[in-house]
Every structure is written in C-alpha cells, then in structure tokens.
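Spelled out, the chains give:
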Amino acid sequence: MSLRIPPASLTTRIAVATIGYMTATLIHRKRHTFADGKKMEMVIWEVPQPVLGSPHCYKYRLFYGDSRERTVGYDNERPKGDHRHYGDHEEAYQFTNIEQLLQDFYDDIAKRRDDL
C-alpha cells in the first residue's frame, strides 16, 4: 500500500499568519502518529514571494521520525532552498508542485515502513 493525498485537500485555506516579514496562508497541515510511535507532520504555507533559495511561493516543512531522530524530512529553509533529509544525509530536492512534494514524501516514508 502507498500513501496518497487527494488533490482536493490542498484547496482549503486554513489560516493566515505572518512568517518573518510576510503574510502567509496556511494551505496544508497534517499530523499522524503511527502505532510504533513514529510521527509524520506536514505544514505548508503559501507566501506572497519566494523564500530565499526557492523559486516558488511556498514555505514548507515535512517531518517523519521520532523525538530522537528525523528519519525523513523535506523543507525549504532559507537560504538553502528546497532539500530533503534522510537521517543525517541532506540533498537538494527538485520542487515541481505541492502534490508531487507530498507524494515524494509519502513514498519515502513507505520505503522505511513495513506496514504500508
């Protein structure tokens, strides 16, 4: 089984906040705790201007792991831009769109779990 996100779930605006110097709209937030205690958390904001290092107008952080270790992570921390983490390893990530970002994240989680 693989994790999938329905595209319609990305259309609802959840909140508006200020991140740094700009107003941002929260477009996706999800948390899930697996039976083994591992956690998955996703937060995606739409911002009026690209974050330094990224060409798109989204600010995001996706986390899978536990309190001791990040197993998989995706984010676009400035000025690094889009990148992903596998444990302590970090590599550039080619962002195309939000749906693909979430699918890539889900696929990476599924590769590391036996129950998906």
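Preceding this paragraph is the structure being described.
Cut-offs applied
Sequence positions are assigned chain by chain, starting from 1 and proceeding in written order. Only residues with pLDDT of at least 70 get local features here, since the model is predicted, and only at 80 or more are side-chain atom pairs given and counted; chain-wide, interface and lining totals rely on the full set of residues. Neither water nor hydrogens contribute to the side-chain values; these are computed over all heavy atoms in the structure. A helix here means a DSSP run of H or I that spans at least four residues, while a strand means a run of E at least two residues long, and both kinds are numbered starting from the N terminus. Contact criterion: two residues are considered in contact whenever any of their non-hydrogen atoms come within 4.5 Å of each other. At least two DSSP bridges between two strands are needed for those strands to be called paired.

**Details of the environment of Glu69**
Stage number 1. By secondary structure assignment, the location of Glu69 is in the loop between β4 (58–65) and β5 (70–75).
Stage number 2. When the C-alpha atoms of Glu69 and Asp88 are compared, they prove to be 8.9 Å apart, with 19 residues separating the residues in sequence.
Stage number 3. Beyond its immediate stretch of four places on either side in the chain, Glu69 contacts Lys38 and Phe63.

**Let's talk about the pairing of strand β6 (residues 83–86)**
Stage number 1. With 4 bridges connecting them, β5 and β6 associate as antiparallel partners. Across the sheet, the residue bridging to Asp75 is His83, located in β6.
Stage number 2. With 4 bridges joining them, β6 and strand β7 (residues 89–92) adopt antiparallel strand pairing. Residue pairing across strands places His85 opposite Glu90, the latter belonging to β7.
Stage number 3. Joining the antiparallel neighbours β6 and β7 is a turn of 2 residues, in which Gly87 adopts a positive phi near 60 degrees.

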